[in-house]
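# Chain and residue survey
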Amino acid sequence: MADLITVEDPDDPRLRDYTGLTDVDLRRKREPAEGLFIAEGEKVIRRAKEAGYEMRSMLLSAKWIDVMRDVIDELPAPVYAVSPELAEQVTGYHVHRGALASMQRKPLPTAAELLRSARRVVVMESVNDHTNMCDTESYTHEQGPLTCDDATPPRRIAVLEGIVDHTNMGAVWRSAAALGIDAILLSPDCADPLYRRSIKVSMGAVFSIPYARLDDWPRGLEVVRDAGYPIYALTPDEKATPLNEMPAEHLERCAVMFGSEGHGLSAAALRAADEWVRIPMAHQIDSLNIAAAAAVTFYALGTRVG
(Lines give C-alpha, C1' and ligand atoms only; values in the text may rest on other atoms or scores of the structure.)
Protein backbone atom coordinates (compact mmCIF):
# COMPACT_ATOMS: atom_id res chain seq x y z
CA MET A 1 0.00 0.00 0.00
CA ALA A 2 1.28 3.45 -0.92
CA ASP A 3 2.14 6.03 1.71
CA LEU A 4 -0.31 8.95 1.72
CA ILE A 5 1.68 12.08 2.49
CA THR A 6 0.20 15.56 2.91
CA VAL A 7 2.49 18.24 1.44
CA GLU A 8 2.03 21.97 2.08
CA ASP A 9 5.30 23.39 0.76
CA PRO A 10 5.49 23.91 -3.03
CA ASP A 11 9.29 23.73 -2.78
CA ASP A 12 9.25 20.29 -1.17
CA PRO A 13 11.94 18.30 -3.05
CA ARG A 14 9.70 15.24 -3.11
CA LEU A 15 7.52 17.05 -5.67
CA ARG A 16 10.41 17.64 -8.07
CA ASP A 17 8.97 15.36 -10.78
CA TYR A 18 6.00 17.71 -11.09
CA THR A 19 7.69 21.12 -11.17
CA GLY A 20 7.42 23.40 -14.19
CA LEU A 21 5.17 21.18 -16.31
CA THR A 22 4.34 24.09 -18.63
CA ASP A 23 8.00 24.67 -19.52
CA VAL A 24 8.05 22.59 -22.71
CA ASP A 25 11.76 22.98 -23.43
CA LEU A 26 12.69 22.02 -19.88
CA ARG A 27 10.40 19.00 -19.72
CA ARG A 28 11.35 17.82 -23.21
CA LYS A 29 14.98 17.52 -22.12
CA ARG A 30 14.47 16.51 -18.52
CA GLU A 31 11.86 13.77 -18.71
CA PRO A 32 13.68 11.41 -21.12
CA ALA A 33 16.99 12.09 -19.38
CA GLU A 34 15.51 11.14 -16.00
CA GLY A 35 13.50 8.24 -17.41
CA LEU A 36 10.10 9.59 -16.41
CA PHE A 37 6.89 10.93 -17.91
CA ILE A 38 3.77 12.51 -16.42
CA ALA A 39 0.31 10.96 -16.74
CA GLU A 40 -2.59 13.34 -16.09
CA GLY A 41 -6.12 12.38 -15.10
CA GLU A 42 -7.68 9.24 -13.67
CA LYS A 43 -8.24 7.41 -16.97
CA VAL A 44 -4.77 8.11 -18.34
CA ILE A 45 -3.11 7.07 -15.07
CA ARG A 46 -5.05 3.83 -15.02
CA ARG A 47 -4.17 3.12 -18.66
CA ALA A 48 -0.49 3.73 -18.00
CA LYS A 49 -0.63 1.33 -15.06
CA GLU A 50 -2.51 -1.29 -17.11
CA ALA A 51 0.13 -0.98 -19.84
CA GLY A 52 2.77 -2.00 -17.32
CA TYR A 53 4.45 1.32 -16.57
CA GLU A 54 5.90 1.56 -13.07
CA MET A 55 4.62 4.45 -10.97
CA ARG A 56 7.17 6.65 -9.19
CA SER A 57 4.58 8.72 -7.28
CA MET A 58 1.17 10.37 -7.51
CA LEU A 59 0.12 13.95 -6.84
CA LEU A 60 -3.56 14.19 -5.86
CA SER A 61 -5.93 16.85 -4.65
CA ALA A 62 -8.11 15.74 -1.74
CA LYS A 63 -11.26 14.85 -3.69
CA TRP A 64 -9.33 12.42 -5.91
CA ILE A 65 -7.94 10.32 -3.09
CA ASP A 66 -11.09 8.20 -2.75
CA VAL A 67 -11.44 7.92 -6.54
CA MET A 68 -7.90 6.57 -6.82
CA ARG A 69 -8.07 4.51 -3.61
CA ASP A 70 -7.80 1.15 -5.39
CA VAL A 71 -4.66 2.31 -7.20
CA ILE A 72 -3.20 3.71 -3.99
CA ASP A 73 -3.85 0.44 -2.18
CA GLU A 74 -2.06 -1.62 -4.84
CA LEU A 75 1.10 0.42 -5.26
CA PRO A 76 4.18 0.99 -3.10
CA ALA A 77 4.86 4.42 -4.61
CA PRO A 78 4.26 7.50 -2.41
CA VAL A 79 1.10 9.55 -2.92
CA TYR A 80 1.31 13.27 -2.23
CA ALA A 81 -1.94 14.92 -1.14
CA VAL A 82 -1.98 18.63 -1.95
CA SER A 83 -4.44 21.47 -2.24
CA PRO A 84 -5.48 22.60 -5.75
CA GLU A 85 -3.66 25.88 -5.10
CA LEU A 86 -0.41 24.14 -4.20
CA ALA A 87 -0.70 21.84 -7.23
CA GLU A 88 -0.95 24.92 -9.44
CA GLN A 89 2.08 26.49 -7.76
CA VAL A 90 4.14 23.37 -8.34
CA THR A 91 3.10 22.52 -11.89
CA GLY A 92 2.55 26.02 -13.28
CA TYR A 93 -1.05 25.48 -14.35
CA HIS A 94 -4.50 24.66 -12.95
CA VAL A 95 -4.65 20.87 -12.62
CA HIS A 96 -8.37 20.61 -13.26
CA ARG A 97 -8.33 16.80 -13.45
CA GLY A 98 -6.86 16.74 -9.94
CA ALA A 99 -4.58 13.74 -10.45
CA LEU A 100 -1.02 13.45 -11.75
CA ALA A 101 1.35 10.50 -11.71
CA SER A 102 5.05 10.33 -12.37
CA MET A 103 5.72 7.13 -14.32
CA GLN A 104 8.93 5.27 -15.16
CA ARG A 105 9.72 4.89 -18.87
CA LYS A 106 10.41 1.48 -20.40
CA PRO A 107 13.46 0.69 -22.55
CA LEU A 108 12.64 1.18 -26.23
CA PRO A 109 13.00 -1.74 -28.63
CA THR A 110 15.09 -1.31 -31.77
CA ALA A 111 13.36 -0.69 -35.08
CA ALA A 112 14.42 -4.14 -36.26
CA GLU A 113 12.81 -5.77 -33.21
CA LEU A 114 9.61 -3.85 -33.77
CA LEU A 115 9.44 -4.77 -37.46
CA ARG A 116 10.07 -8.45 -36.93
CA SER A 117 6.42 -9.46 -36.90
CA ALA A 118 4.54 -6.42 -38.21
CA ARG A 119 2.48 -6.31 -41.41
CA ARG A 120 1.98 -2.60 -42.20
CA VAL A 121 4.14 0.40 -41.49
CA VAL A 122 3.27 4.10 -41.69
CA VAL A 123 6.16 6.57 -41.94
CA MET A 124 5.57 10.22 -40.96
CA GLU A 125 7.96 13.09 -41.52
CA SER A 126 8.17 16.49 -39.79
CA VAL A 127 4.85 16.21 -37.96
CA ASN A 128 5.53 17.92 -34.66
CA ASP A 129 2.22 18.68 -32.94
CA HIS A 130 1.65 16.16 -30.13
CA THR A 131 -2.11 16.61 -30.16
CA ASN A 132 -2.52 15.58 -33.79
CA MET A 133 -0.67 12.37 -33.06
CA CYS A 134 -3.64 10.89 -31.19
CA ASP A 135 -7.03 11.77 -32.71
CA THR A 136 -9.41 8.78 -32.42
CA GLU A 137 -11.70 7.20 -29.89
CA SER A 138 -9.93 3.86 -29.39
CA TYR A 139 -7.20 3.59 -26.80
CA THR A 140 -6.13 -0.04 -26.65
CA HIS A 141 -5.59 -2.80 -29.15
CA GLU A 142 -8.40 -5.35 -29.26
CA GLN A 143 -6.19 -7.79 -27.34
CA GLY A 144 -4.70 -5.20 -24.98
CA PRO A 145 -1.53 -3.10 -25.15
CA LEU A 146 0.90 -4.47 -27.71
CA THR A 147 4.54 -5.32 -27.08
CA CYS A 148 7.32 -6.75 -29.20
CA ASP A 149 6.85 -10.05 -27.37
CA ASP A 150 3.17 -10.51 -28.24
CA ALA A 151 2.36 -14.08 -29.25
CA THR A 152 -0.04 -12.80 -31.92
CA PRO A 153 1.97 -10.83 -34.51
CA PRO A 154 0.87 -7.19 -34.97
CA ARG A 155 -0.70 -6.46 -38.34
CA ARG A 156 0.20 -2.83 -39.05
CA ILE A 157 2.98 -0.35 -38.18
CA ALA A 158 3.22 3.42 -38.53
CA VAL A 159 6.56 5.19 -39.05
CA LEU A 160 6.63 8.91 -38.24
CA GLU A 161 9.30 11.41 -39.25
CA GLY A 162 9.92 14.87 -37.84
CA ILE A 163 6.73 15.09 -35.79
CA VAL A 164 7.63 17.71 -33.20
CA ASP A 165 4.34 19.33 -32.19
CA HIS A 166 2.71 17.70 -29.17
CA THR A 167 -0.82 18.29 -30.42
CA ASN A 168 -0.25 16.61 -33.80
CA MET A 169 1.65 13.79 -32.12
CA GLY A 170 -1.32 13.01 -29.90
CA ALA A 171 -3.92 13.15 -32.65
CA VAL A 172 -2.03 10.91 -35.06
CA TRP A 173 -1.25 8.34 -32.37
CA ARG A 174 -4.86 8.18 -31.32
CA SER A 175 -5.99 7.61 -34.92
CA ALA A 176 -3.38 4.89 -35.29
CA ALA A 177 -4.73 3.09 -32.24
CA ALA A 178 -8.34 3.32 -33.40
CA LEU A 179 -7.71 2.31 -36.99
CA GLY A 180 -5.53 -0.73 -36.61
CA ILE A 181 -1.91 0.47 -36.65
CA ASP A 182 -0.07 -1.89 -34.31
CA ALA A 183 3.37 -0.25 -33.97
CA ILE A 184 5.07 3.06 -34.78
CA LEU A 185 8.59 4.05 -35.85
CA LEU A 186 9.84 7.60 -35.25
CA SER A 187 12.54 9.63 -36.97
CA PRO A 188 15.19 11.19 -34.70
CA ASP A 189 13.54 14.62 -34.70
CA CYS A 190 10.06 13.43 -33.72
CA ALA A 191 8.52 14.78 -30.54
CA ASP A 192 8.33 12.66 -27.42
CA PRO A 193 5.07 10.66 -27.53
CA LEU A 194 5.21 10.40 -23.73
CA TYR A 195 5.16 14.17 -23.25
CA ARG A 196 2.20 15.14 -21.05
CA ARG A 197 0.29 17.01 -23.78
CA SER A 198 0.58 14.15 -26.24
CA ILE A 199 -0.54 11.59 -23.67
CA LYS A 200 -3.47 13.76 -22.64
CA VAL A 201 -4.74 14.30 -26.19
CA SER A 202 -4.35 10.61 -26.99
CA MET A 203 -6.30 9.64 -23.86
CA GLY A 204 -3.62 7.04 -23.25
CA ALA A 205 -3.43 5.64 -26.80
CA VAL A 206 0.35 6.13 -26.62
CA PHE A 207 0.46 3.29 -24.10
CA SER A 208 -1.27 0.78 -26.40
CA ILE A 209 1.07 0.93 -29.43
CA PRO A 210 4.77 0.02 -29.07
CA TYR A 211 7.27 2.30 -30.82
CA ALA A 212 10.95 2.70 -31.66
CA ARG A 213 13.17 5.39 -33.16
CA LEU A 214 15.14 5.26 -36.39
CA ASP A 215 18.44 6.87 -35.44
CA ASP A 216 19.65 7.62 -38.99
CA TRP A 217 17.21 9.43 -41.25
CA PRO A 218 16.32 8.71 -43.99
CA ARG A 219 18.93 5.96 -44.34
CA GLY A 220 17.31 4.25 -41.37
CA LEU A 221 14.41 3.39 -43.65
CA GLU A 222 16.57 0.61 -45.06
CA VAL A 223 15.71 -1.32 -41.90
CA VAL A 224 12.06 -1.10 -42.94
CA ARG A 225 12.82 -2.18 -46.49
CA ASP A 226 15.11 -5.00 -45.36
CA ALA A 227 12.24 -6.33 -43.23
CA GLY A 228 10.19 -6.73 -46.40
CA TYR A 229 8.07 -3.58 -46.44
CA PRO A 230 7.71 -1.48 -49.60
CA ILE A 231 7.78 2.21 -48.59
CA TYR A 232 4.98 4.45 -49.86
CA ALA A 233 5.32 8.24 -49.55
CA LEU A 234 2.07 10.15 -49.04
CA THR A 235 2.19 13.33 -51.13
CA PRO A 236 -0.34 15.57 -52.96
CA ASP A 237 1.80 15.37 -56.12
CA GLU A 238 -0.34 14.53 -59.17
CA LYS A 239 2.18 11.88 -60.21
CA ALA A 240 1.32 9.90 -57.07
CA THR A 241 -1.04 6.92 -57.26
CA PRO A 242 -4.41 7.49 -55.54
CA LEU A 243 -4.73 5.23 -52.50
CA ASN A 244 -8.01 3.80 -53.79
CA GLU A 245 -6.23 2.65 -56.97
CA MET A 246 -3.45 0.80 -55.18
CA PRO A 247 -3.77 -2.99 -55.57
CA ALA A 248 -4.96 -4.42 -52.29
CA GLU A 249 -2.14 -6.95 -52.23
CA HIS A 250 0.39 -4.07 -52.26
CA LEU A 251 -1.10 -2.74 -49.01
CA GLU A 252 -1.03 -6.07 -47.20
CA ARG A 253 2.53 -5.46 -45.96
CA CYS A 254 3.80 -1.93 -46.42
CA ALA A 255 5.16 1.28 -44.92
CA VAL A 256 3.36 4.58 -45.52
CA MET A 257 5.39 7.73 -44.96
CA PHE A 258 3.90 11.10 -43.97
CA GLY A 259 5.46 14.56 -43.96
CA SER A 260 4.93 17.61 -41.81
CA GLU A 261 1.92 19.86 -42.06
CA GLY A 262 2.79 22.75 -44.36
CA HIS A 263 5.99 21.36 -45.89
CA GLY A 264 5.11 17.75 -46.53
CA LEU A 265 7.78 15.14 -47.02
CA SER A 266 11.37 16.25 -47.49
CA ALA A 267 13.05 15.63 -50.84
CA ALA A 268 15.30 13.06 -49.18
CA ALA A 269 12.32 11.16 -47.79
CA LEU A 270 10.56 11.21 -51.17
CA ARG A 271 13.68 9.83 -52.83
CA ALA A 272 13.83 7.06 -50.25
CA ALA A 273 10.30 5.85 -51.09
CA ASP A 274 9.52 2.99 -53.44
CA GLU A 275 6.32 4.63 -54.65
CA TRP A 276 4.33 7.82 -54.11
CA VAL A 277 0.66 7.67 -53.08
CA ARG A 278 -1.98 10.31 -52.50
CA ILE A 279 -5.46 10.81 -51.06
CA PRO A 280 -7.91 11.69 -53.86
CA MET A 281 -9.65 14.99 -53.06
CA ALA A 282 -12.43 17.18 -54.50
CA HIS A 283 -13.10 20.92 -54.85
CA GLN A 284 -9.47 21.69 -55.74
CA ILE A 285 -8.30 20.91 -52.21
CA ASP A 286 -4.76 19.62 -52.53
CA SER A 287 -3.95 18.55 -48.98
CA LEU A 288 -5.28 17.77 -45.50
CA ASN A 289 -3.72 18.50 -42.13
CA ILE A 290 -1.55 15.73 -40.81
CA ALA A 291 -4.13 14.39 -38.33
CA ALA A 292 -6.81 14.08 -41.02
CA ALA A 293 -4.41 12.70 -43.63
CA ALA A 294 -3.15 10.04 -41.23
CA ALA A 295 -6.67 9.01 -40.19
CA VAL A 296 -7.83 8.71 -43.81
CA THR A 297 -4.76 6.68 -44.73
CA PHE A 298 -5.04 4.37 -41.72
CA TYR A 299 -8.69 3.77 -42.54
CA ALA A 300 -7.88 3.11 -46.21
CA LEU A 301 -5.29 0.50 -45.22
CA GLY A 302 -7.84 -1.30 -43.10
CA THR A 303 -10.71 -1.22 -45.59
CA ARG A 304 -8.65 -2.16 -48.63
CA VAL A 305 -7.13 -5.23 -47.00
CA GLY A 306 -8.96 -5.83 -43.72
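Going by the structure above, here's the rest.
What comes next is a walk through the structure. (Residues numbered from 1 in each chain as written. Predicted model: local features only at pLDDT ≥ 70, side-chain atom pairs only at ≥ 80, totals over all residues. Heavy atoms only, no water.)

### Overview of the pattern of salt bridges
- One pass over the full model with this rule turns up 16 salt bridges.
- Across the pair D25 and R28 runs a salt bridge whose closest N-O atoms are separated by 3.9 Å. Pair noted here: D25 and R28 are both in helix α1 (residues 24–34), with a separation of three residues, about one helical turn.
- The exposure class assigned to D25 is partly exposed, which follows from its relative accessible area of 49%.
- Given the relative accessible area of 40%, R28 is considered partly exposed.
- Note that D192 and R105 form a salt bridge whose closest N and O atoms lie 2.4 Å from each other. With a gap of 87 residues between them, D192 in the loop between β9 (183–186) and α8 (196–202) and R105 in the loop between β5 (99–104) and α6 (111–115) connect regions that are remote in the sequence. There is no split in this pair, since D192 and R105 are both buried. (Salt bridge = Lys/Arg side-chain N within 4 Å of Asp/Glu carboxyl O. Helix = DSSP H or I, 4+ residues; strand = E, 2+ residues; numbered from the N terminus. Buried < 20%, exposed > 50% of the residue type's maximum accessible area, 1.4 Å probe, protein only.)

### Quick look at helix α5 (residues 84–91)
- Looking at α5, one finds that the buried residues are L86, A87, V90 and T91. Viewed end-on, α5 has its buried residues packed into an arc of 120°, placing them on one side of the element. When the buried face of α5 is taken as reference, the exposed residues oriented beyond 90 degrees from it are E85 and Q89.
- For α5, the elements touching its buried residues are β3 (54–61), β4 (79–82) and β5. (Arc of directions from axis to C-beta. Contact = heavy atoms within 4.5 Å.)

### Considering the packing of aromatic side chains
- Applying the stated criterion across every chain yields a total of five aromatic pairs.
- Considering the side-chain rings of F37 and Y53, the 5.1 Å spacing of their centres and the 90° angle between planes classify their relative orientation as edge-to-face. One end of the pair, F37, is in strand β2 (residues 36–40); the other, Y53, is in the loop between α2 (42–50) and β3, and 16 residues separate them in sequence. Y53 shares its class with F37; the two are buried.
- Summarising the aromatic geometry, the rings of F258 and F298 are spaced 6.0 Å apart at their centres and angled 75° between planes, so their arrangement reads as edge-to-face. With a gap of 40 residues between them, F258 in strand β13 (residues 254–258) and F298 in helix α11 (residues 290–305) connect regions that are remote in the sequence.
- Its guanidinium or amino end placed over the ring of Y53, K106 lies 4.5 Å from that ring's centre, counting from NZ or CZ.
- In this arrangement the basic side chain of R253 is found over the ring face of Y229, its NZ or CZ atom lying 4.2 Å from the centre. (Phe/Tyr/Trp six-rings, centres within 6.5 Å; stacked < 30°, edge-to-face > 60°. Lys NZ or Arg CZ within 6 Å of the ring centre and 35° of its normal.)

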